[in-house]
Amino acid sequence: YFCGLRGAMFTPIKPSTPFDMAQQDDHLKRVIGHAKEYGFVFPSSDIYDGLSAAYDYGQLGVELKNNIKSYWWTAMVRMHENIVGLDASIFMHPTTWKASGHVDAFNDPLIDNKDSKKRYRADVLIEDHIGKIEAKIAKDVAKASKKFGDAFDEAQFRETNGNCVRRQAEIDGINERFKTAMNAEDLDAVKQLIVDLGIKDPETGSANWTDVRQFNLMFKTELGAVSGDAGVIYLRPETAQGIFVNFLNVQKSGRMKLPFGIAQIGKAFRNEIIARQFIFRMREFEQMEMQFFVPPGDQGKWYEYWKEARIQWHKSLGLGEGSYRFHDHIKMAHYADAACDIEFNFPMGFKELEGIHSRTDFDLNAHEEHSGKKLRYYDPEREESYVPYVIETSIGLDRMFLAVLSSALRNETLADGSERVVMSIPSALAPVKVAVLPLLKKDGLPEKAREVMDRLKLDHSVQYDEKDAIGRRYRRQDAIGTPLCVTIDHDTLDDQAVTLRDRDTMEQIRVPISELSSRVAERVGWSTLFS
């Protein structure tokens, strides 16, 4: 019944619309405030004034987070016969990180401002500068689109408009200088680029910078009771290595044939130079990764396959076609022969959401060398053993959470001039799927409402609410993103039917209780994303 109605009353703000920094900051602040007020995300150790870049997921946040995990796991593991799951330990033998290159090469370029004493990632400062130029291009495109209407050809405009061509050339020049400097590991050239671009401290406007230095991102700790170098281990900075060291364990025990994948969801830890922008960049975060093992020579076609598969997974959520874009890496990691990011238009602009990398055979070869154990696959068709190549897809769960939250939150003006705050979370991901609301707290309505709730709660997360007028209860459910409200009134006791209200359209229909479970499943089930 509700198919096609979603978004009829309102639509997301188009990501191509140019925002100034104040608008972006305001929206992010609204998201942060709303997340705390309604139980999505709290500052960690809040009663002690919090801990920088650490957050706790509240009662609704943990439900949304688990639903995102389920959506990813279903798409990645259940929908693929040749992909299986894994849950590897956070603590790993320290040689793991020597083999992977993290001990020697897991660095970010940092730069300090001498006046503000603030520390920044040099590459992020440059990316943000490019983002400002891109915003100017987007503004010109928006103006032209408004002027020419349906006849507007955006691609042609970008290629022929003088301002667009000039600004794109400026962006290309910056990228080329940065790529050259990073490939040569010339940190002086990176600083000179920052100086030449006139980049200033975002908070104070000072341009008094230190030299650029490399900063290793791994957290060290000690294993056992005896201190000293012999006991030093690391908190894992990524989940991928747990998959690589278990490659043969999974392949042999599962009798897996190439190509096949291993998926994992788990915590990772990075001592970020500057962790900021709410849950976008944290020192403790969660990843959803899949390593897909393929024969050498096949990596190109599988890289393209997973690029397309992953962007379709994102777009199925309905957060906006223009909310995503691919960004090829300027400087690829030491293990990659191809790499790109799926970027999402967060409140602070387009930022990395998911990485897709062709990792070659670097990881398995490195672990072979450092462990002395063979990590090869015998191919019965080729009648030979070889080290497989790997295609990786890696998405930040916390960033995905922020993408959903920031896209969903909006104020809506209704036909009668009143306003409501609504979270248009994709129905299958919503932390509460159904709210059961007795019209009054008497006359047997609460008891009947509990009966209806018992029918639904085994298959869906259901919330019961009997406090305040029905209109105020609807607004509360809108604010937390509940797709459906079920109201039990006096007629329910006679006709065994309830009123079903849709969050997005606010339409209400009468539904027999006997049909309620199937109606709810049609609206909030996984089929809404996978159909």
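All values derive from a computational prediction rather than experimental measurement.

Here the focus is the overall build of the chain. Counting its regular elements, the chain contains 18 helices and 23 strands. Here the chain has a C-alpha radius of gyration of 26 Å; the compact-globule value for 531 residues is 24 Å, and the two agree. Judged by the C-alpha coordinates and their principal axes, the chain covers about 75 × 60 × 55 Å. When the 531 residues of the chain are sorted by exposure, 51% land in the buried category.

We now examine the packing of helix H5 (residues 122-148) against helix H8 (residues 187-196). Look at H5 against H8: their axes get within 11 Å of each other, and the N-to-C directions meet at 35°. Judged by the twist between their axes, the crossing of H5 over H8 is left-handed. Contacts between H5 and H8 involve Ala122, Leu125 and Ile126 from the former and Val190, Leu193 and Ile194 from the latter. Each residue belonging to the contact of H5 with H8 can be placed in one class, and the counts come to six nonpolar, no polar and no charged.

A few words on the packing of aromatic side chains. Scanning the model with the defined rule gives 20 aromatic pairs in all. Judged by centre distance (5.2 Å) and plane angle (75°), the ring pair of phenylalanine 280 and phenylalanine 346 falls under edge-to-face. Of the two residues, phenylalanine 280 sits in the loop between strand E9 (260-269) and strand E10 (284-294) while phenylalanine 346 sits in strand E12 (residues 338-346), which places them 66 residues apart along the sequence. The same class applies to phenylalanine 280 and to phenylalanine 346, which are both buried.

Attention now goes to helix H12 (residues 362-371). Side chains three or four residues apart in an α-helix point the same way, a direct result of the helix having 3.6 residues per turn. Those residues of H12 that sit buried are Asp363, Leu364, Ala366, His367 and Glu368. Of the surrounding secondary structure, the elements contacted by the buried residues of H12 are helix H3 (95-100), helix H9 (240-244), helix H10 (247-253), E10 and strand E13 (349-360). Note on H12: the residue one or two positions beyond its end, glycine 372, has a positive phi of about 75°.

Glancing now at the confidence of the model for the chain. Of all residues in the chain, 94% attain a pLDDT of 70 or more, and the chain-wide mean is 89. Low confidence marks residues 1-19, where pLDDT is under 50. Its contacts with residues over four positions away, or in another chain, come to 43 contacts.

Counting 61 residues, the largest nonpolar core has Phe40, Leu64, Ile68, Trp72, Phe401 and Ile425 as its most contacted members. Ignoring any residue separated from it by four or fewer positions in sequence, one finds isoleucine 68 in contact with Met288, Leu397, Met400, Phe401, Val404 and Leu429. In this structure, Ile126, Ile133, Leu187 and Ile194 belong to the second largest nonpolar core, which totals 27 residues.

Attention shifts here to the pairing of E9. By the criterion of burial, E9 is predominantly enclosed, with nine of the ten residues buried. Relative to E9, strand E3 (residues 83-86) is paired through four bridges, and the arrangement is parallel. Bridge pairing in E9 links leucine 86 to glutamine 264. Two strands pair when backbone bridges link them, and E9 and E10 are joined in this way by ten bridges, in the antiparallel orientation. Bridging from a neighbouring strand, isoleucine 262 pairs with glutamine 291 of E10.

Attention now moves to unusual backbone geometry. Here leucine 258 and proline 259 are connected by a cis peptide whose omega angle stands at -5°. Summarising the element assignment, proline 259 is placed in the loop between H10 and E9. A positive phi angle, near 55°, is found at glutamate 383, a position not held by glycine. Within the secondary structure, glutamate 383 is located in the loop between strand E14 (377-379) and strand E15 (384-386).

Quick look at the pattern of salt bridges now. All chains considered together, the criterion is met by 37 salt bridges. For arginine 177, the salt bridge identified is with aspartate 196, shortest N-O distance 3.0 Å. Taken together, the residues span a long stretch of sequence, with arginine 177 in helix H7 (residues 162-183) and aspartate 196 in helix H8 at a distance of 19 residues. The class for aspartate 196 is partly exposed, based on a relative accessible area of 44%. Taken together, the shared-partner salt bridges connect Glu412, Arg420, Arg475, Asp478 and Arg501 into one network.

With that settled, the discussion passes to the sheet that holds strand E21 (residues 484-488). Backbone hydrogen bonds hold the strands of a sheet together, and the pairing may be parallel or antiparallel. Taken together, the five strands give an open sheet; going across it, the order is E20-E19-E21-E22-E23, and neighbouring strands pair in mixed fashion. Here the strands that pair on one side only, and so sit at the sheet edges, are strand E20 (462-464) and strand E23 (508-512). Taken pair by pair, the neighbouring strands of this sheet meet at an average axis angle of 30°, ignoring direction. Both strand E22 (residues 497-502) and E23 contribute to a ladder of five bridges, which runs antiparallel. Within E23, the residue paired with leucine 500 across the bridge is isoleucine 509. Lying over the sheet, helix H15 (residues 470-480) contacts strand E19 (434-438), E20, E21, E22 and E23, oriented at roughly 170° with respect to E19.

Another aspect to go through is the packing of H7 against H8. One can describe the packing of H7 onto H8 by two numbers: an axis separation of 9 Å at closest approach and a directional angle of 160°. Considered as vectors, H7 and H8 are oriented roughly antiparallel to each other. Touching Ile174, Arg177, Phe178, Ala181 and Met182 of H7 are Ala189, Val190, Gln192, Leu193 and Asp196, all from H8. A breakdown of the residues in the contact of H7 with H8 according to their chemical character gives seven nonpolar, one polar and two charged.

Further remarks concern the sheet that holds E9. What the seven strands build is an open sheet, ordered E3-E9-E10-E16-E13-E12-E11; its pairing is mixed. On the outer flanks of this sheet lie E3 and strand E11 (324-328), each paired with one strand and no other. The mean inter-strand angle of the sheet, taken between neighbouring strand axes irrespective of direction, is 25°.

Position of arginine 523 relative to the elements: it lies in helix H17 (residues 513-524). For arginine 523, a relative accessible area of 8% gives the class buried. Note: C-alpha distance between arginine 523 and isoleucine 194 (329 residues apart in sequence) is 51 Å. Of the polar contacts made by the side chain of arginine 523, one reaches the side chain of aspartate 504; its length is 3.4 Å.

Cut-offs applied
- Residues numbered from 1 in each chain as written.
- Predicted model: local features only at pLDDT ≥ 70, side-chain atom pairs only at ≥ 80, totals over all residues.
- Heavy atoms only, no water.
- Helix = DSSP H or I, 4+ residues; strand = E, 2+ residues; numbered from the N terminus.
- Rg over C-alpha atoms; globule rule 2.2 N^0.38 Å.
- Buried < 20%, exposed > 50% of the residue type's maximum accessible area, 1.4 Å probe, protein only.
- Axes fitted to C-alpha atoms, helices over the stretch in contact; angles between N-to-C directions.
- Left-handed = near helix turned anticlockwise from the far one by under 90°.
- Contact = heavy atoms within 4.5 Å.
- Nonpolar A, V, L, I, M, F, W, Y, C, P; charged D, E, K, R; others polar.
- Phe/Tyr/Trp six-rings, centres within 6.5 Å; stacked < 30°, edge-to-face > 60°.
- pLDDT = per-residue confidence, 0-100.
- Core = buried A, V, L, I, M, F, W, Y, C linked by side-chain atoms within 4.5 Å.
- Pairing = 2+ DSSP bridges.
- Salt bridge = Lys/Arg side-chain N within 4 Å of Asp/Glu carboxyl O.
- Parallel < 35°, antiparallel > 145°, perpendicular 65-115°, else oblique.
- Polar contact = N/O pair within 3.5 Å; in protein donor to acceptor, adjacent residues only side chain to side chain.

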